[in-house]
Amino acid sequence: MKYDGFFEIKKDSTAMFQDFYFIASSVSNDATRLMMNFVWVEKEDDDLVMIATDGMRMHVLRPNKKVIDFLGIKEGAYSVVFKTKGKLGFAHIADEKEVGKFVNWRNVIPTDEVDRNCEKFPIENDKTGRYFVHFSKKLYKEDGINLNYIKDLSGFIWDIKFYAPHKPIVFFADGNKEAYIMPMRGMDNVQY
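How each quantity is defined
Residues numbered from 1 in each chain as written. Predicted model: local features only at pLDDT ≥ 70, side-chain atom pairs only at ≥ 80, totals over all residues. Heavy atoms only, no water. Helix = DSSP H or I, 4+ residues; strand = E, 2+ residues; numbered from the N terminus. Buried < 20%, exposed > 50% of the residue type's maximum accessible area, 1.4 Å probe, protein only. Contact = heavy atoms within 4.5 Å. Core = buried A, V, L, I, M, F, W, Y, C linked by side-chain atoms within 4.5 Å. Salt bridge = Lys/Arg side-chain N within 4 Å of Asp/Glu carboxyl O. Patch = residues over 30% accessible without salt bridge, like charges linked within 9 Å, V, L, I, M, F, W, Y side chains within 5 Å. Areas by Shrake-Rupley, 256 points an atom, 1.4 Å probe, with all protein chains shown as cover. Lys, Arg positive; Asp, Glu negative; His and termini not counted. Charge placed at Lys NZ, Arg CZ, Asp CG, Glu CD. pLDDT = per-residue confidence, 0-100. Pairing = 2+ DSSP bridges.

Description of the overall build of the protein
Okay, so step 1: Each helix and strand in the protein was counted, giving two helices and 14 strands.
Okay, so step 2: Put simply, the protein has 192 residues, and 43% of those count as buried.
Okay, so step 3: For the protein, contacts bridging at least 24 residues in sequence account for 62% of all contacts bridging at least 6.

Observations regarding the nonpolar core
Okay, so step 1: Residues Phe7, Phe20, Val39, Met50, Ile73 and Phe90 are the most contacted members of the largest nonpolar core, which totals 21 residues.
Okay, so step 2: Secondary structure elements with two or more residues in this core: strand E1 (3-10), helix H1 (17-24), strand E2 (39-44), strand E3 (47-53), helix H2 (65-71) and strand E6 (87-93).
Okay, so step 3: Broken down by element, the residue count for this core peaks at four residues, all from H1.
Okay, so step 4: Counting residues in hydrophobic clusters, the runner-up holds 14 residues, among them Met58, Phe102, Val170 and Tyr180.

Structural notes on the environment of Ile150
Okay, so step 1: As for its placement among the helices and strands, Ile150 is situated in the loop between strand E10 (143-144) and strand E11 (157-163).
Okay, so step 2: In the structure, Ile150 is positioned 29 residues away from Ala179 in sequence and 9.7 Å away in space, judged by C-alpha atoms.

What about the pattern of salt bridges?
Okay, so step 1: For the structure on display, the rule yields 11 salt bridges.
Okay, so step 2: Among the ionic pairs, Asp30 bridges to Arg33, the shortest N-O distance being 3.3 Å.
Okay, so step 3: Given the relative accessible area of 26%, Asp30 is considered partly exposed.
Okay, so step 4: The shortest N-O distance in the salt bridge between Glu178 and Arg62 comes to 2.5 Å.

Some details on unusual backbone geometry
Okay, so step 1: One non-glycine residue, Asp45, lies in positive phi territory at about 60 degrees.
Okay, so step 2: With respect to the element layout, Asp45 can be found in the loop between E2 and E3.
Okay, so step 3: The exposure class of Asp45 is exposed, given its relative accessible area of 71%.

Focus: H1
Okay, so step 1: Counting buried positions along H1 yields six of eight residues, so the element is predominantly enclosed.
Okay, so step 2: Within H1 the residues assigned to the buried category are Phe17, Asp19, Phe20, Phe22, Ile23 and Ala24.

Section: a negative patch on the surface
Okay, so step 1: A cluster of like negative charges, contributed by Glu75, Asp95, Glu96 and Glu98, occupies part of the molecular surface.
Okay, so step 2: Turning to its location among the elements, Glu98 is positioned in the loop between E6 and strand E7 (113-114).

Section: the confidence of the model for the protein
Okay, so step 1: With 79% of its residues at a pLDDT of at least 70, the protein reaches an overall mean of 80.
Okay, so step 2: No element of the protein has a lower mean pLDDT than strand E9 (residues 131-133), at 48, and none a higher one than E6, at 96.
Okay, so step 3: Of the regions scoring below 50 in pLDDT, residues 131-142 engages in 49 contacts with residues more than four places distant in sequence or in other chains.
Okay, so step 4: With pLDDT under 50 throughout, residues 186-192 is counted as low confidence; its partners more than four residues away or in other chains account for 12 contacts.

Quick notes on the side chain of Asn176
Okay, so step 1: Considering the arrangement of structural elements, one finds Asn176 in the loop between strand E12 (169-173) and strand E13 (177-181).
Okay, so step 2: Look at Asn176 and you get buried, because its relative accessible area is 13%.

Quick look at the pairing of E2
The two faces of a sheet get side chains in turn, since along a regular strand they alternate between them.
Okay, so step 1: Extensive coverage of E2 is indicated by the burial of five of its six residues.
Okay, so step 2: For E2 and strand E5 (residues 76-83), the ladder comprises three bridges, and the chain directions are antiparallel. Across the sheet, the residue bridging to Trp40 is Ala77, located in E5.
Okay, so step 3: Direction of pairing for E2 relative to E3: antiparallel, over a ladder of five bridges. Each residue of the ladder has a partner; that of Glu42, found in E3, is Val49.

Re the environment of Phe22
Okay, so step 1: The topology assignment puts Phe22 in helix H1.
Okay, so step 2: For the pair Phe22 and Asp152, spaced 130 residues apart in sequence, the C-alpha to C-alpha distance is 6.2 Å.

See below:
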């Protein structure tokens, strides 16, 4: 695969690290679905939006224009070439035909919001490596949520919106981040 651009972000040198770690965490590593093994960047109004999904969750990041200009981010597909706790590297894929067409990510966004008396919820680490979120109400009885996906949301305070059964649970933070997590069906005994 050929690359025609690269940017790196270090944890100790920028406040943007956590945002870009968030987007990189939902990139798929499924060798059979190459179109989801990268971060997709496209124009939205006058800005750029970054999207990544592994098929069960989708993260969306809208970096501000100064960040985009500083890092030289452009439209197209980016491979996450390295991801450590202290450093991230993104390489722009020169020929998008090599990875295939990215999913129609806007079709994932639900429109049938259900009033669930949502509040702001911090994602917390209980010092044993487990992550959890306190909901004021239980999720739909027939749906559960994979808590492994919650750990990638830690460090931010999220507004959470619930939708009809079997639709993604949507997390919003800081006006520039969204996470869509698909429920797992048949989880009648899941407790929150």
